[in-house]
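Fold and geometry: a report
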Amino acid sequence: MKFTRSLPLIALLAATATANYHFVRYSNQTGYQQPIYEKFDLNALVNKTVPFFIISDGLEKLADGDNQTALMSQLLLASRTWSDVSTSELRLNFGGYATAAATPQSAPGIDIIFDEVPPGIISYAGPTVKAETTTSTEPFTPILRSLIVFRKDLSNVMNQALPSYSEAFFLNAVHEFGHALGLQHSFSSAAMSTQMTRATTRSKPIAADDIAGISTLYPSKNFTSLFGTVTGRVTQNGVGVNLASVVVLSLNGTAVNTLTNPDGTYRIQGVPAGPYLIYTHAIPPPVSGQATPGDVIPPRDPENNQIPANNLFDLQFFPGTRDPQGAQTINVAAGQLVAGINFAVNRRTTPTTLFYPTTYSYFNNSIAIRPAFITPLVVNPLFVASGYGFVTADSKPIAGLRSMILGGSPAINSVRGFSNNYIIFDLFLSGFLSEGERHLVLDNGTEAWVLPSAIQVAARQAPEVANVSWVSAAGEDKRLATLSGSGFNSSSRVLIDGEAATIRSVDESGKAITFVPPSAPTGHVGRVIVLNSDGQSSLFLNPNAPSQLPYADSDANSFSLNPSTVKIGSESVIEIEAPGAHFQDGHVSVGFGSSDIQVRALRVVSATKLWVSVVTGAHASPGTFTATVQTGLNHLRQVNAISVQTGTGNFGKAALQPDPQWTAENGQPFVYPGSNAIVSVAGLEAASAHASAFLNDQAIPVLAAGSGRVSLQIPATMNAGLALLRILIDGETVNTVLVAISGGAPTIQRMEGPDFYAIDTGRPANGGDTLTLTFTEPTLLPEATLRGNQVAVNLGETQLYTAKVNRIAANVFQTTVTIPRGLSDGNYNLSVSIEGRTSSPLLMPLRNR
């Protein structure tokens, strides 16, 4: 197979913007209207999951008080951000620690290294090894390997330390994972912008543009039905404009963006339903540290030559104005296409000089917050901005500068000078100040620029942690802690470094939270951060010295594997024992330092025992590999722990198939206690002599066996969760695997509006409202987690987008959904489905304002 190598240098500190553009080329077969994306091949991945590996020599220079345990936890949290996108089929999984001289790997993966980088750069990332472009009806270039490079010295980045718990480091890690998966920069202030214009936070690390970008590459089956699509063309004197940025901008905060094809055509997928303004603008000229306009790597033509951007035109709102007040509102519906949004732009002789504004607000007149937030703690409503083309060298607004905020109150009252190339926008609050994002429009008299999400309005103050301590507990919760402070609510989340704690209770006054901390190495001191659903975190009020939780008790420091040998081209279950461990379902991962040895399923059997179903690729190389067990913040490593050997394994006459292997006999998408199930068995002949089966070492009835499958009866008393399935053919054991057994349907407990009031006929929902749903999931073990892609929320016949699911108690979860605008007044049935199991509906009254 022919491979190509390239590595884009993408700087965090270089000024640029955001997401939903990809690494692209064009071919003679597809022409300039069908981009060929670089992306991972889902069919080449176990569970459609890309493993990533940390290659570290342990010599990184970190900020004072920081350590590798905390640093690695932030990388894992950043990866989970992309795994939680429910309309993307792709997942990420920690594959453990590896060495630079590891055995060659045939399966795809991502490597993370720490190395010397150019001055002013924190990190860079992108695909490095690619296969030949496929010849399918929708061709793409498979990514075989991506690389993320972090600066080796984080103790002094542009004259200041960058601790791993900081917003800047975490958001940068999210950004780099996006590049590794196939996303480039474009322009809507989401995670894939560089730090200059990024408007995401640790609490809301990705935005609608990021969701659209990753889902365009790896779409789920319901992606196109949940979102709308906008298409059109940007031309100049009748000729298509390459790499023009086109943005659909909602006044309630949403912005989704793409860049045009060489013939000027564009297609923006992943647009949430609602009304939008749509505009196009030229990507800015390169600034210090950038090689190309907008720091975007141009697409390549069929001869592999770069196709440069045309960035010589002015911003234009549809249908043809620089003034947003003269723009036409375009309504987008879920599952629908809006076509013909075309732009005929003028020609400039020089690139734009007005671009890249950066906004800050100040809490208590002393703490600078980016992105700018307006909250009850803001003493005087103002925000500060810097950038190109609207601030003079003596820190005054450029003559003739006009500015406007889109999205409702606040409004700009006046603009004045500040210091060090910054200016102040004094704000005027009027009318109803609703939560959400506001956009900034700047016009210097000859050209204009729009900064999406320049200001974010929150109805509550940021959370603040005053004290954290361990508390005595008995029974199930033997490791409890509590924190006190202010600004907490039922949707608050607690992080210890980058690992989520399990919340047990939040008091009604919002001043205390009781939680179960994640496992950590003995003596570790964790940084405690509280995140609220409005995008704020406790780092806003105390960015440099977050509260600490010291771990004094003993935790696991070693583990054993049984068996410790796997065969090439097989799947088998390994039992892992770690005395002293505190395994929690959803807080554990296992890796073997190679993308050819991957975990398909994992079950926490007890606090000290795991069952891990391991798939060894058909092209894996023999050898010994390092095993890593990540349990909370604790990373246990054992060199040469597992041996990969040639041979066929202990399969004899048959072998269980890893995917798909387990289906309900009645056609349901899940297997449940009391049902009949079918398991695929390779090599099982039609006239098999005898088959027997065991679930968790309990014998279960075999109804039929032959022709490559075995029909089984699941006992009604079997518990839900992952079960150990072992099948014997003529007394010979087939390889053992982990299979999923589902439980009952979820139950909706509460349905709350934006201010956490109960939705009922007295206080109905409104179009555009964000609702918080609290529901139970009876299937999961007490500490298990749910991914957003496992949960569907249905409003009548309409499925709503579910971004993230948070646990708030044992088997109790919360998620948020946004009610589409444009629905008729009335009563709607709202239900929650988890992998095909649907709750009883709640009646949701809707009354539009």
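Residues numbered from 1 in each chain as written. Predicted model: local features only at pLDDT ≥ 70, side-chain atom pairs only at ≥ 80, totals over all residues. Heavy atoms only, no water.

1. Things to note about the overall build of the protein chain
Note the threshold: To qualify as a helix, a DSSP run of H or I must reach at least 4 residues; to qualify as a strand, a run of E must reach at least 2; elements of each kind are numbered from the N terminus. Atoms counted for the radius of gyration: C-alpha only. Globule rule: 2.2 Å times residue count to the power 0.38. Exposure categories follow from relative accessible area, calculated using a 1.4 Å probe and restricted to protein chains: below 20% of the type maximum is buried, above 50% is exposed, and the middle band is partly exposed. The contact definition used throughout considers only heavy atoms, calling two residues in contact when any of these lie within 4.5 Å. The accessible surface values rely on the Shrake-Rupley method and a 1.4 Å probe; as for residues, cover is taken only from the protein chains in view.
Each helix and strand in the protein chain was counted, giving four helices and 64 strands. Here the protein chain has a C-alpha radius of gyration of 27 Å; the compact-globule value for 849 residues is 29 Å, and the two agree. Principal-axis analysis of the C-alpha atoms places the extent of the protein chain at approximately 90 × 65 × 60 Å. Taking all 849 residues of the protein chain together, 59% fall into the buried category. For the protein chain, the proportion of contacts with a sequence separation of at least 24, taken over those separated by at least 6, is 70%. Counting only carbon and sulfur atoms, one obtains 49% of the accessible surface of the protein chain, whose full area is about 31,800 Å².

2. Concerning the sheet that holds strand β42 (residues 597-606)
We apply this condition: DSSP-based pairing: two strands are paired if at least 2 bridges between them are found. Fitting a line to C-alpha atoms yields each axis, with helices limited to the stretch in contact; the angle taken between N-to-C directions then spans 0 to 180 degrees.
The antiparallel open sheet is built from four strands, whose spatial order is β38-β40-β43-β42. Among the strands making up the open sheet, the edge pair consists of β38 (560-562) and β42. Going across the sheet, the axis of each strand differs from the next one's by a mean of 25 degrees, ignoring polarity. Bridge analysis of β42 against strand β43 (residues 609-616) gives eight bridges, and the strand direction is antiparallel. The partner of A601 across the bridge, within β43, is S613.

3. Digging into the packing of aromatic side chains
Heads up, the condition is: Pairing of aromatic rings covers Phe, Tyr and the six-membered ring of Trp, with a centre-to-centre limit of 6.5 Å; geometry is then stacked below 30 degrees between planes, edge-to-face above 60, and tilted otherwise. Only Lys NZ and Arg CZ are tested; either one counts as a charge over a ring when it is within 6 Å of the ring centre and within 35 degrees of the ring normal.
One pass over the structure, following the stated rule, counts 19 aromatic pairs. Taking 5.7 Å as the distance between ring centres and 85 degrees as the angle between the ring planes, the aromatic pair formed by F94 and Y97 counts as edge-to-face. A residue is classified by how much of its surface remains accessible, and F94, at 4% relative accessible area, is buried. Look at Y97 and you get buried, because its relative accessible area is 8%. Following the ring pairs from residue to residue traces out a cluster consisting of F52, F94, Y97 and F177. Looking at R726, its charged tip hangs above the ring of F694, at a distance of 4.7 Å from the centre. Above the ring of Y757, the side-chain terminus of R763 is found at 3.7 Å from the ring centroid.

4. Remarks on unusual backbone geometry
P371 follows R370 through a cis peptide bond whose omega is 5 degrees. For P371, the location among the structural elements is in the loop between β22 (367-369) and β23 (372-374). Following S409, the chain continues into P410 via a peptide bond in cis, with omega recorded as 10 degrees. With respect to the element layout, P410 can be found in the loop between β25 (402-406) and β26 (411-417). A positive phi angle is found at Y356, which is not glycine, with a value near 55 degrees. With respect to the element layout, Y356 can be found in strand β21 (residues 355-363).

5. With respect to the side chain of T231
Relative to the assigned elements, T231 resides in strand β11 (residues 228-236). Under the relative-accessibility criterion, T231 is labelled buried at 13%. Discounting chain neighbours no more than four positions away, the residues touching T231 are Y266, R267, L337, V338, A339, G340 and I341.

6. A word on the layout of surface pockets
Defined as follows: Cavity: a set of points on a 1 Å grid over the protein atoms alone where a 1.4 Å probe fits but cannot get out. Pocket: an open set with protein on both sides within 12 Å along at least five of seven lines, its lining residues, like those of a cavity, having an atom within 4 Å of a point. Grid points are joined across faces, edges and corners, and a volume is the space filled by probe spheres set on the points. Each residue is assigned to one of three groups, with Ala, Val, Leu, Ile, Met, Phe, Trp, Tyr, Cys and Pro labelled nonpolar, Asp, Glu, Lys and Arg labelled charged, and all others, Gly among them, labelled polar.
Considered as a void within the structure, the second largest pocket measures approximately 1,500 Å³ in volume. What lines the second largest pocket is a set of 45 residues, and nearest its centre among them are Q160, A168, Q195, Y360 and R370. At the level of secondary structure, the elements contributing two or more residues to the lining of the second largest pocket comprise α2 (167-181), β21, β22 and β24 (382-388). Take the lining of the second largest pocket: its biggest share by element is four residues, from β24. Grouping the amino acids of the lining of the second largest pocket by side-chain chemistry returns 29 nonpolar, 13 polar and three charged.

7. Thoughts on the packing of helix α1 (residues 68-83) against α2
Angle between the axes and distance between the axes are the two parameters that describe a pair of packed helices. What counts, and what does not: Note on terminology: angles under 35 degrees are roughly parallel, angles over 145 are roughly antiparallel, angles of 65 to 115 are roughly perpendicular, and the others are oblique. Whether a crossing is left-handed or right-handed is set by the direction in which the near helix is turned from the far one by less than a right angle, anticlockwise for left-handed and clockwise for right-handed.
One way to put it is that α1 packs onto α2 with a least axis distance of 9 Å and a crossing angle of 50 degrees. With respect to α2, the axis of α1 lies oblique. Remark: the crossing between α1 and α2 carries right-handed chirality. On α2, the residues touching L71, Q74, L75, L77, A78, S79, T81 and W82 of α1 are F169, F170, A173, V174, F177, G178 and L181. For the contact of α1 with α2, the per-class residue count stands at eleven nonpolar, four polar and no charged.

8. Let's talk about helix α3 (residues 208-217)
Among the ten residues in α3, ten count as buried, and that is most of the element. Every buried residue of α3 is listed here: A208, D209, D210, I211, A212, G213, I214, S215, T216 and L217.

9. Quick notes on the nonpolar core
A general trend in soluble globular proteins is that nonpolar side chains are found buried together. For clarity, the threshold we go by: Residues enter a nonpolar core if they are buried and are Ala, Val, Leu, Ile, Met, Phe, Trp, Tyr or Cys, with the set joined through side-chain atoms within 4.5 Å.
Of all hydrophobic cores here, the largest spans 55 residues; its most connected members are L75, W82 and I110. Those residues in contact with L75 that sit more than four places away from it in its chain are I54, I112, F114, F150, F169, A173 and F177. Judged by nonpolar contacts, the second largest core, of 32 residues, contains Y26, F187, F390 and L427.

10. Examining α1
Stated precisely, the cut-off is as follows: Each helix should span, by expectation, one fewer than its residue count multiplied by 1.5 Å. Identification of polar contacts relies on pairs of N or O atoms within 3.5 Å, with a donor-acceptor requirement for protein atoms, meaning one able to donate a hydrogen and the other able to accept it, and with residues adjacent in sequence counted only if both atoms are side-chain atoms.
With 16 residues, α1 extends 23 Å from end C-alpha to end C-alpha; this agrees with the ideal 22 Å at 1.5 Å per step. Within α1, 14 of the 16 residues are buried, leaving the element largely enclosed by the surrounding structure. For α1, the side-chain oxygen to backbone nitrogen distance between the N-cap and T69 is 3.1 Å, and the N-cap itself is N67.

11. Side note on the pattern of salt bridges
Note the following rule: The term salt bridge refers to a pairing of a side-chain nitrogen on Lys or Arg with a carboxyl oxygen on Asp or Glu at a separation within 4 Å.
According to the stated counting rule, one finds 15 salt bridges in the structure shown. Taking the shortest distance from any N to any O, the salt bridge between R322 and D443 comes out at 3.0 Å. In this pair, R322 sits in the loop between β17 (316-317) and β18 (330-332) while D443 sits in strand β28 (residues 436-443), placing the two residues 121 residues apart along the sequence. In this structure, the salt-bridge partner of K609 is E575, at a minimum N-O distance of 4.0 Å. Residue K609 is found in strand β43, and its partner E575 is found in strand β40 (residues 571-577); the two are separated by 34 residues along the sequence. Overall, the relative accessible area of 22% leaves K609 in the partly exposed class. Via salt bridges that share partners, D314, R348 and E447 belong to a single interconnected network.

12. A few points about the pairing of β43
For β43, the buried fraction is high: seven of the eight residues fall into the buried class. Hairpin connection from β42 to β43: two residues lie between these consecutive antiparallel strands.

Distances and angles like these do not, on their own, reveal function.
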